[in-house]
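As a plain string of letters, each chain reads:
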Amino acid sequence: MDDATMIRLDLKKIENLLKKVIIMEKQNLRTKQYNDPEMVRRIKKAIEEEVECF
Amino acid sequence: MLLKTLKLINFRQFSGEQNIEFATDSVKNVTVVMGENGSGKTTLAQAFTWCLYGDTDFEDKVVANRALERKLMPGGELQVKVELNLVHSGTEYTVIREQLYRKDLTGRTKGQNTTFNIAYKKDGQQEFVRALEVDAYMKQILPKELSRYFFFDGERIGNMSKEIKKGKSQDFAQAVRGLLGLNAFISALEHLKPTSKYGVIGSYNESYDSKSDKRIAQYTEDIQMAQDNIERIDKRLLEITSEMEIAQDNCDDLNVKLSGMAETERLQKDKLRLSETLTKTRQARASSMSAILKQFNTNNSSYFAKSLIFKSLENLSQESKLDKGIPDMHARTIEFLIKRGFCVCGTKVEFGKETYNNLNKALEYLPPQSIGTSINQFVIESELKTKSSSDLFESIADQYKVLRDYENQIEQLISDILAIEKIVEGKKGIGNLQQDLWRYEKVIRDLTAERDESNRKKGAHETTRDRLITERAELTLRDENNKKIEIYKAYAQYMFDELSRVYKKNEEETRRKLERYVNEIFKSIYEGGMSINVDERYNIQVIVEDEGGYSNDVETSTAQSISVIFAFISGIIKMARENSLELESETKLLESEPYPLVMDAPLSAFDRRRIKTVCDALPKIAEQVIIFIKDTDGELAEENMGAKVGKRYLFEKKNEFETKLVAR
């Protein structure tokens with residue numbers, strides 16, 4: 001696999017994402033503010049923001 | 001979840017509106033509702049279940065007050081309502097279930113479908129949960145799978161004991177995990193789940209841009225097909241596991257029954273053998289009776305005439321005439337000689353002469369004029385007859401003895417058969433049970449084969465899917481837009497894997513902690529060398545360790561069973577409470593609610609000493625305790641929990657259809 005077809009993951013970003021997602025889920029369990037598709041969208045958004053952040 | 005108030009309107013014997021307020025104080029957290037047997041304790045406990053889930057354990061599912069229902073005129077209506085006010089996750093909820101009963105023109109009352117609503121307070125305003133979401137809300141507040149443990153019925157302990165040991169569903173395990181604070185993990189894993197096209201990873205799979213390479217769309221379609229196959233197989237594998245457990249349970253039950261039935265089978269064979277003997281003995285008795293009657297009918301006249309015959313023969317022997325007859329001579333012979341005129345010896349026979357006179361005299365002793373010969377015949381026959389009937393009495397006496405033996409045997413056989421019938425009464429034939437066992441064993445064999453084949457197919461689909469994913473990645477990573485998606489997906493996948501790992505570790509730790517708590521509580525209630533094991537599906541096993549270190553799952557007594565259930569649910573409540581009391585932190589992994597214990601007749605299976613232990617332990621473990629209890633146990637409960645009792649109520653039973661709740 002050459003560099004162009006390799007994906008490197010930043011473990012720090014993953015750690016941040018995990019914390020963020022758990023907090024989001026905990027809050028939503030309390031407030032029931034978002035339904036499942038909305039939560040999926042929010043998690044995707046969080047991933048994309050974290051990945052794009054330098 | 002803490003229960004604040006309960007309002008009952010026309011619910012079974014609680015006619016009209018009746019309210020009860022529960023103790024929510026952190027120190028005085030016990031509410032005791034006391035009443036005599038049949039006053040409505042169980043009904044009140046069931047009111048919770050009906051309100052939250054629309055069902056009760058009563059056989060009669062009509063919840064309307066019978067007295068009011070009878071008074072209804074045709075066309076009349078009766079509204080039944082239970083309203084439970086509670087606090088969950090800091091929000092105050094009112095759970096309302098209503099049912100309208102209407103009497104039709106034929107006088108029959110029918111209940112309509114229940115209506116279920118959940119209201120909550122938001123910014124001081126009351127809002128209602130949307131109809132489609134009420135079940136999901138209820139699942140969050142208290143999953144139905146767990147409700148029976150929180151609304152605990154001490155008098156229906158048998159079923160719970162069996163259920164808690166084996167046969168709990170995946171839903172139950174999931175519900176326990178939720179209560180133990182793992183809900184955030186469960187939700188996050190559910191949202192990230194790669195196998196669902198609606199989850200984070202699945203939706204990334206759906207969002208590749210196929211313009212750069214048409215094959216991407218085909219790969220995505222093939223991957224989804226492989227994934228669908230895997231999911232279908234997974235679903236079937238779960239069903240297979242469940243079906244195998246049911247079949248195995250049935251096999252176990254049947255084996256237990258069959259071992260008991262071996263004795264029944266032996267008795268059935270004995271009964272068959274005895275029945276055959278009975279038939280033969282009855283036939284022998286009939287033959288014997290027939291022989292006696294035949295002999296009696298043949299010889300009875302001779303036998304009974306015997307004394308008369310003897311007397312006659314005696315008289316005849318004294319009569320001289322008997323010897324004067326000429327043997328084998330008839331009157332016709334003499335008359336012929338007289339008519340011929342000369343005797344056999346040649347002497348002339350002439351009227352008036354001596355020869356003539358002698359011959360005429362002989363006529364007196366010859367038949368038919370003489371009876372001498374007949375008497376001689378009679379004597380011979382009499383002797384023969386008396387001889388033939390001489391042993392009639394002895395013979396019949398002997399045969400009657402045999403007949404009596406047959407009668408006794410028959411009586412004994414009937415008695416033995418009846419005794420066997422009584423023992424085996426209501427027991428199924430071993431043949432049916434054995435066939436059932438073979439059928440279930442075959443089911444297990446078939447399911448095992450199907451499971452192995454399914455696993456093989458699943459493996460093949462997974463290999464295909466993984467190969468297709470790799471091949472698709474080769475293509476998608478060459479396009480900038482798709483590469484981004486691939487990167488996001490890789491992060492999501494890594495998060496899913498990491499969360500799964502952390503969740504598994506936390507779940508294992510939480511379960512071990514629960515097991516420790518359950519054992520601590522169990523040993524404080526019930527001593528005696530036993531410990532409790534909690535498996536990954538939260539099934540409970542009571543283990544006895546003998547001196548050799550051999551451990552074995554054991555059958556438990558009622559008091560042990562109730563202690564196990566107490567310990568299990570108290571352990572969950574203790575952990576949930578601990579999690580909720582932990583310092584509030586955004587990064588705290590486990591988060592759960594304190595839960596109440598609502599118990600109907602919880603102490604009925606315990607002796608005084610254990611009641612004290614239980615009464616001491618419960619208010620410390622649970623955030624809130626609500627007990628419905630009979631007066632005698634209630635006094636003991638109050639004696640032992642006095643300082644913890646915040647609210648007291650009494651069931652005032654007016655009649656079978658009316659009970660009032662009175663604050664004490």
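Given the structure is predicted, the values throughout are model-derived calculations rather than measurements.

Colleague: What exactly am I supposed to notice about the overall build of chain B here?
Modeller: Within chain B, the regular secondary structure consists of 17 helices and 16 strands. Across the 664 residues that make up chain B, the buried fraction comes to 27%. Taking as baseline every contact in chain B between residues at least 6 positions apart, the subset at least 24 positions apart corresponds to 71%.

Colleague: Looking at this structure, how should I read the overall build of chain A?
Modeller: Helix and strand content of chain A: two helices and zero strands. Counting the 54 residues in chain A, one finds 20% classified as buried.

Colleague: Hey, could you run me through the interface of chain B and chain A in this one?
Modeller: Counting residues at the interface gives 28 residues for chain B and 24 residues for chain A. Per-element accounting of the side of chain B that touches chain A gives the leading share, 10 residues, to helix α14 (residues 480–525) of chain B. For the side of chain B that touches chain A, the class distribution of residues is 15 nonpolar, seven polar and six charged.

Colleague: Can you walk me through the pairing of strand β16 (residues 658–663) of chain B in this structure?
Modeller: Within a regular strand, the side chains alternate between the two sheet faces. All names here are of chain B. One ladder, built from six bridges, connects strand β15 (residues 645–655) with β16; its direction is antiparallel. Across the sheet, Phe651 pairs through a bridge with Leu661, a residue of β16. Counted between consecutive antiparallel strands, the loop separating β15 from β16 contains two residues.

Colleague: Would you mind showing me how to read the environment of Ala284 of chain B here?
Modeller: Summarising the element assignment, Ala284 of chain B is placed in helix α8 (residues 214–317). The sequence separation of Ala284 of chain B and Leu403 of chain B amounts to 119 residues, and the corresponding C-alpha distance is 8.5 Å.

Colleague: Sorry if this is basic, but what is going on with the nonpolar core here?
Modeller: Nonpolar side chains in soluble globular proteins tend to be buried together. Ile572 and Ile627 of chain B are the most contacted members of the largest nonpolar core, which has 109 residues in total. Residue contacts for Ile572 of chain B: discarding those within four places in its chain leaves Val176, Leu179, Leu180 and Leu514 of chain B.

Colleague: Help me understand the pairing of strand β14 (residues 624–630) of chain B, please; the structure alone is not making it clear to me.
Modeller: Residue and element names in this part refer to chain B. Here β14 lies mainly inside the structure; six of its seven residues are buried. Sheet topology places strand β3 (residues 30–35) next to β14; six bridges connect them, and they run parallel. For Thr31, the partnering residue across the bridge sits in β14 and is Ile626. Summarising the sheet, strand β13 (residues 596–600) and β14 pair through five bridges and their orientation is parallel. Pairing of Leu597 across the sheet is with Val625, part of β14.

Colleague: I would appreciate a short explanation of unusual backbone geometry in the present structure.
Modeller: Across the chain, the bulk of peptide bonds are trans and the bulk of non-glycine residues have phi less than zero. Residue and element names in this part refer to chain B. One non-glycine residue, Asn10, lies in positive phi territory at about 55 degrees. Positionally, Asn10 belongs in strand β1 (residues 2–11). For Asn10, a count of 23 C-beta atoms within 10 Å gives the class buried.

Colleague: Is there a simple way to explain the packing of helix α2 (residues 36–52) of chain A against α14 of chain B in this structure?
Modeller: Helix-helix packing is described using two parameters, namely the angle between the two axes and the distance between the axes. Packing of α2 of chain A against α14 of chain B brings their axes to within 10 Å, and their N-to-C directions diverge by 110 degrees. On the basis of the axis angle, α2 of chain A is roughly perpendicular to α14 of chain B. Relative to α14 of chain B, the crossing made by α2 of chain A is right-handed. Across the interface between the two elements, Ile47, Glu48 and Val51 of chain A from α2 of chain A touch Ile487, Tyr488, Tyr491 and Ala492 of chain B from α14 of chain B. Considered class by class, the residues forming the contact of α2 of chain A with α14 of chain B number six nonpolar, no polar and one charged.

Colleague: What exactly am I supposed to notice about the packing of helix α16 (residues 608–621) of chain B against helix α17 (residues 631–641) of chain B here?
Modeller: Residue and element names in this part refer to chain B. Contact geometry of α16 with α17 gives a least axis separation of 9 Å together with a crossing angle of 55 degrees. With respect to their mutual orientation, α16 and α17 come out oblique. Both α16 and α17 take part in a crossing whose hand is right-handed. Of the residues in α17, those touching α16 at Arg608, Ile611, Lys612, Cys615, Asp616 and Pro619 are Leu636, Ala637, Asn640 and Met641. The class makeup of the residues in the contact of α16 with α17 is six nonpolar, one polar and three charged.

Colleague: Is there a simple way to think about the environment of Ala286 of chain B in this case?
Modeller: Take Ala286 of chain B: it is sitting in helix α8. Separated by 117 residues in sequence, Ala286 of chain B and Leu403 of chain B have C-alpha atoms that sit 8.7 Å apart.

Colleague: Help me out: how do you make sense of the environment of Thr115 of chain B in this one?
Modeller: With respect to the secondary-structure elements, Thr115 of chain B resides in strand β7 (residues 115–122). On a C-alpha basis, the gap between Thr115 of chain B and Cys51 of chain B in space is 9.9 Å, while along the polypeptide they are 64 residues apart.

Colleague: Whenever I open this one, the confidence of the model for chain B confuses me. Can you help?
Modeller: Segments scoring low in pLDDT should not have their predicted coordinates read at a detailed level. For chain B, per-residue confidence averages 82 on the pLDDT scale, and residues scoring 70 or more make up 89% of the total. The complex prediction reports pTM at 0.59, with the ipTM value standing at 0.94.

Reading guide: rules and limits
Residues numbered from 1 in each chain as written. Chains lettered and ligands numbered in written order. Predicted model: local features only at pLDDT ≥ 70, side-chain atom pairs only at ≥ 80, totals over all residues. Helix = DSSP H or I, 4+ residues; strand = E, 2+ residues; numbered from the N terminus. Buried ≥ 20, exposed ≤ 12 C-beta atoms within 10 Å, placed from the backbone. Contact = placed C-beta atoms within 7 Å. Nonpolar A, V, L, I, M, F, W, Y, C, P; charged D, E, K, R; others polar. Pairing = 2+ DSSP bridges. Core = buried A, V, L, I, M, F, W, Y, C linked by C-beta atoms within 7 Å. Axes fitted to C-alpha atoms, helices over the stretch in contact; angles between N-to-C directions. Parallel < 35°, antiparallel > 145°, perpendicular 65-115°, else oblique. Left-handed = near helix turned anticlockwise from the far one by under 90°. pLDDT = per-residue confidence, 0-100.

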